[in-house]
Amino acid sequence: MYGWRGRIGHTYPAVVAETFFSDFFRVVPEGITLALTTLSIQVIQEEDLKRAESQLDQAVEYLAKRKVDCIIIGGAPMFRLRGLDGERALIDRVAKSTGIPTTTSQTAAVEALRHLGIKRVAVATPYHEDQDEHIARYLRATGFEVGQVRGMKRHIAEIHEIPLDAVYKHVKRTFLDSPDAQGAYVPCGHFTVPRISELEADLNAPVVTATYAMVWAALRMISVKAEIRGYGRLLETIGEK
């Protein structure tokens, strides 16, 4: 039976999901499946974000009808737009209305950074400067010190086209240019970071990506313990007692 060990529900913010599937199923243990609905973000602008947010209740309802074990609400730019209180209210509302453990992709990332003991973080993004600034502001509001914040200046439709070696070098350079950073954060479920274990070895520091933070949070919510090796320090903690 599909999802015999756990069924993760996810609202994917963009119109098309591609790289997210590869990253997700590369690391989840056998018996874990994904129920995914998509929203309509095409460009990260306020009008687009608000339209996508208006679709959330219906998307969550679809997932609840499928009786998923947890819900991860994607779309960190939406949460940064509504602020910490608004994000917390959204999580509480969905959890209460569905009776299903719920979090957001952005909250998952914050909790992952804290779990790894990171207090000062370098941020390597695929975005333009406006979103980089929003991310830095959000992280500071949640209690982090923020070092270098550097984006690759790509629109959503272009992110999946970035060569993986360029992503690797982008994250590495951003961290090394950030004095005293204790780890790197890479937002965006579109944005694949290759060879995370090798990257962490080069940096001698953990790397938290949006997708793997969501996987980590979901497996914790549904109480799944599994040995996940080769994809970074965060996922390795899933198997810890």
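Residues numbered from 1 in each chain as written. Predicted model: local features only at pLDDT ≥ 70, side-chain atom pairs only at ≥ 80, totals over all residues. Heavy atoms only, no water.

Novice: Looking at this structure, I do not really get the overall build of the chain. What am I missing?
Specialist: Counting secondary structure elements, the chain contains eleven helices and eight strands. What you see for the chain is a C-alpha radius of gyration of 17 Å, in line with the 18 Å of a compact globule of 241 residues. Put simply, the chain shows about 11,200 Å² of open surface, and 48% of that area lies on carbon and sulfur atoms. (Helix = DSSP H or I, 4+ residues; strand = E, 2+ residues; numbered from the N terminus. Rg over C-alpha atoms; globule rule 2.2 N^0.38 Å. Areas by Shrake-Rupley, 256 points an atom, 1.4 Å probe, with all protein chains shown as cover.)

Novice: How should I be thinking about unusual backbone geometry in this particular structure?
Specialist: Comment: phi is negative for the bulk of residues other than glycine, and the bulk of peptide bonds are trans. The backbone of R195 shows a phi angle near 50°, a positive value even though the residue is not glycine. Note that R195 resides in the loop between strand 7 (183-186) and helix 9 (196-203). Residues other than glycine seldom take positive phi values, yet S223 does so here, at roughly 55°. By the secondary structure assignment, S223 is in the loop between helix 10 (210-221) and helix 11 (233-236). Classification of S223 by relative accessible area gives exposed; the value is 65%. (Buried < 20%, exposed > 50% of the residue type's maximum accessible area, 1.4 Å probe, protein only.)

Novice: Mind showing me how you'd approach the sheet that holds strand 5 (residues 120-125) here?
Specialist: Strand pairing in a sheet is mediated by backbone hydrogen bonds. Such pairs are either parallel or antiparallel. Read across the open sheet, the four strands follow the order 6-5-7-8; overall the sheet is parallel. Strand pairing shows two members of the sheet lacking a second neighbour, strand 6 (145-151) and strand 8 (207-209), which therefore form its edges. Here the strands of the sheet are splayed against their neighbours by 20° on average, with no regard to which way each runs. Where strand 7 and strand 8 come together, three bridges link them in parallel fashion. Counted as the bridge partner of V186 is T209 from strand 8. Across the sheet, helix 10 is in contact with strand 7 and strand 8; its angle to strand 8 comes to roughly 85°. (Pairing = 2+ DSSP bridges. Axes fitted to C-alpha atoms, helices over the stretch in contact; angles between N-to-C directions. Contact = heavy atoms within 4.5 Å.)

Novice: I would appreciate a short explanation of the packing of helix 5 (residues 105-115) against helix 10 in the present structure.
Specialist: To describe two helices that pack against each other, one gives the angle between their axes and the distance between the axes. Direction vectors running N to C along helix 5 and helix 10 enclose 85°, while the axes themselves pass 8 Å from each other. In terms of their interaxial angle, helix 5 and helix 10 are classed as roughly perpendicular. Between helix 5 and helix 10, the contacting residues are S105, A108, A109, E111, A112 and H115 on the first element and A213, M214, W216, A217 and R220 on the second. The residue inventory of the contact of helix 5 with helix 10, partitioned by class, reads seven nonpolar, two polar and two charged. (Parallel < 35°, antiparallel > 145°, perpendicular 65-115°, else oblique. Nonpolar A, V, L, I, M, F, W, Y, C, P; charged D, E, K, R; others polar.)

Novice: Teacher, can you tell me more about helix 4 (residues 76-98) here?
Specialist: Since one α-helical turn is 3.6 residues long, residues separated by three or four positions face the same way. Compared with the 33 Å implied by 1.5 Å per residue over 23 residues, the 21 Å span of helix 4 between its first and last C-alpha is markedly short. G83 marks the point of greatest bend in helix 4, at about 120°. The positive-phi residue at the C-terminal boundary of helix 4 is G99, with phi of around 75°. (Expected span 1.5 Å × (residues − 1). Bend = angle between axes of the 7 residues up to and from the residue.)

Novice: Would you mind showing me how to read the pairing of strand 6 here?
Specialist: Looking along a regular strand, one sees the side chains alternate between the two faces of the sheet. Strand direction decides the pairing type here: strand 5 and strand 6, joined by five bridges, are parallel. What sits directly across from R120, in strand 6, is E145. Following the backbone out of strand 5, through helix 6 (residues 129-141) and into the adjacent parallel strand 6, one traces a crossover that is right-handed. (Right-handed = clockwise from strand over helix to strand, strands pointing away.)

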